[in-house]
Amino acid sequence: MNFFINALAGLAAGILSAWGIGGGSLLMVYMTGFAGIAQVLAQGINLLYFLPVSAGGLYSHMKNGLVDKKAAAAAICAGIVCAAAAALIANALDLAVLRRLFGIFLIFIGLHELFAKERRH
C-alpha cells in the first residue's frame, strides 16, 4: 500500500510539473512531511525525479523552437556551479535549519505567485 501511495504522489507531482506548477516542490513537501523521508535524502530523490521530467519538457520546447540555445548554455553552466555549491552548503547545514530555510523559501514563492502582477508579453 505504501508503494502505491508513493507512486501516486510521484504521478501527481509529474502531472503538476507538466502544467508548470512546480511538482518537484510539492513532492518535497510530501516526502518530508508525510512519507517521513529525511530532507537531505528527499532533495536527492527530487533531483533524480527532475531529470526525466525536465528532459521531456526540454524535448518538447526544442521541437517547437522555443529554446534560445545561447541562453540555455549560459543557464546550464551557471546551474551546474550553483547546484554543486548548494549541495555542499545543504550537507553542511543542520537539518532543522535546512527545513526552516526551505519552509521560508516555499512561503516566499507562494506569496510571490499570489501577489505578483501578471506580466504582459
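Please refer to the structure placed before this passage.
Residues numbered from 1 in each chain as written. Predicted model: local features only at pLDDT ≥ 70, side-chain atom pairs only at ≥ 80, totals over all residues. Heavy atoms only, no water.

Let us now look at the environment of Gln-39. With respect to the element layout, Gln-39 can be found in helix 3 (residues 39-63). For Gln-39, a relative accessible area of 3% corresponds to the buried category. Linking Gln-39 and Leu-51, residues 12 residues apart in sequence, is a C-alpha distance of 19 Å. Apart from the residues lying within four places of it in its own chain, the contact partners of Gln-39 are Met-28, Thr-32, Leu-95, Leu-98, Arg-99 and Phe-102. (Helix = DSSP H or I, 4+ residues; strand = E, 2+ residues; numbered from the N terminus. Buried < 20%, exposed > 50% of the residue type's maximum accessible area, 1.4 Å probe, protein only. Contact = heavy atoms within 4.5 Å.)

A few words now on a nonpolar patch on the surface. Residues Phe-4, Ile-5, Leu-8, Leu-11, Ile-15, Trp-19, Ile-21 and Leu-26 make up a contiguous nonpolar surface patch of about 830 Å² in total accessible area. Ranked by residues supplied to the nonpolar patch, first place goes to helix 1 (residues 2-18) with five residues. Counting through the fold element by element, Ile-15 comes out in helix 1. Accessibility expressed as a relative area gives 38% for Ile-15, which makes it partly exposed. (Patch = residues over 30% accessible without salt bridge, like charges linked within 9 Å, V, L, I, M, F, W, Y side chains within 5 Å. Areas by Shrake-Rupley, 256 points an atom, 1.4 Å probe, with all protein chains shown as cover. Salt bridge = Lys/Arg side-chain N within 4 Å of Asp/Glu carboxyl O.)

Right, let's talk about the packing of aromatic side chains for a bit. Under the defined criterion, the tally for this structure stands at two aromatic pairs. Between Tyr-30 and Phe-34, the aromatic rings sit 6.4 Å apart at their centres with planes inclined by 25 degrees, giving stacked as the arrangement. A residue pair is termed a helical-turn pair when its members lie 3 or 4 positions apart in one helix, as Tyr-30 and Phe-34 do in helix 2 (residues 23-34) at four residues. For Tyr-30, a relative accessible area of 18% gives the class buried. With a relative accessible area of 67%, Phe-34 lands in the exposed category. (Phe/Tyr/Trp six-rings, centres within 6.5 Å; stacked < 30°, edge-to-face > 60°.)

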